[in-house]
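Residues per chain, in single letters:
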Amino acid sequence: MKLYQKALLLSLAIAMLLLAGCSSKPTPPSDNKTPPSSDVTPQTPPTDSKQPETNSKPETPSDSDKPNGTDEEVVPLSENWDDLDVRLDGVVYKYPYVYQDFDNAGWILEDKTERGLPDGARMTGYRPMPNQQYALGDKHTCYLYCGFFNPGSEFAEMVDCKLWCLEYSIASNLPEDAKTADLELAKGIHIGSTEEEILAAYGPYTKKADKQNPSPEEAGSVVLVYEKQKDDGRHLMELSLRDGKLYKVYLSVTR
């Protein structure tokens, strides 16, 4: 009997040991294990601090790169004298000349109250257009005279008309430091050019003559005349030389 009891107790002990061993068996790793946070958060690519170039705002040139410190583009003179282009104090005027362009540059019609012109009318005389920056006492160091015409289909005031001729000249006996307007024609001919330079630029003139009935300022001057017939009329350029140098320019178109 005692032997039986010992065997029973031993069996119970073994069974309890087996049960205890099963309960402590480690749990296998789950396939749903969450990876480290660094593996699930996408990496943000580094930001390049340099901004891409854009064409929305083109580079603006400095004032020194612009003609006369403005935004205006340089307008070239024609190489043909008969186009009658003229550059006066840096501003280019092309035929038919527009009065308001001269007015904007300071060459102002002396009498703006004068009645205008009917459609198609052409003024026979010339009108002074002084520029006060060239005033010298009660006179001027240089002069501009123009003839007006109205190419429109209705009456126009003088300031709204165009110019069929212009004459620019330098006064005589000026002080050495006197300021005058700079005038340039085709192929670089300008106030002060010589007859040789004019011939080299334009070729032979139509005629050369002494000034008829000269004023005291015109005494001893000679005139080189260039003429050319074109579709809109006779293009005329008269270049007056005093002491061998260009001092007066007359440009016109007549029918």
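Before reading further, recall that the structure is shown in the block above.
These numbers come from a predicted model, not from an experiment.

Rules and cut-offs
Residues numbered from 1 in each chain as written. Predicted model: local features only at pLDDT ≥ 70, side-chain atom pairs only at ≥ 80, totals over all residues. Heavy atoms only, no water. 1 Å grid on protein atoms, 1.4 Å probe; cavity = no way out; pocket = protein on both sides within 12 Å on 5 of 7 lines; lining within 4 Å. Points joined across faces, edges and corners; volume = space filled by probe spheres on them. Helix = DSSP H or I, 4+ residues; strand = E, 2+ residues; numbered from the N terminus. Pairing = 2+ DSSP bridges. Buried < 20%, exposed > 50% of the residue type's maximum accessible area, 1.4 Å probe, protein only. Arc of directions from axis to C-beta.

Visitor: So what exactly am I meant to see when it comes to the layout of surface pockets here?
Guide: In this model, the second largest pocket occupies a volume close to 260 Å³. Lining the second largest pocket are Ile170, Ala171, Ser172, Thr180, Ile191, Gly192, Arg242, Asp243, Lys245, Leu246 and Tyr247. Ranked by the residues each element gives to the lining of the second largest pocket, the list is headed by strand β13 (residues 245–254), at 3 residues.

Visitor: Would you mind going over the sheet that holds strand β9 (residues 183–184) with me for this structure?
Guide: Across a sheet, paired strands are connected by hydrogen bonds in the backbone, their directions being either parallel or antiparallel. As summarised here, the arrangement of the 3 strands in space is β2-β1-β9, forming an open sheet in which the pairing is antiparallel. Of all the strands in the sheet, just β2 (91–93) and β9 have a single pairing partner and so form its edges. Inspection of the sheet shows strand β1 (residues 86–88) paired to β9 by 2 bridges, in the antiparallel sense. The residue of β9 that forms the bridge with Leu88 is Leu183.

Visitor: Is there a simple way to explain helix α4 (residues 195–202) in this structure?
Guide: Note that an α-helix has 3.6 residues per turn; residues three or four places apart therefore point the same way. Among all positions of α4, only Glu195, Ile198, Ala201 and Tyr202 are buried. Buried residues of α4 fall within an arc of 125° about the axis and therefore sit on the same side. Turned more than 90 degrees from where α4 packs its buried face, Glu196 and Ala200 sit exposed. Downstream of α4 by one or two residues, Gly203 has phi in the positive range, about 80°.

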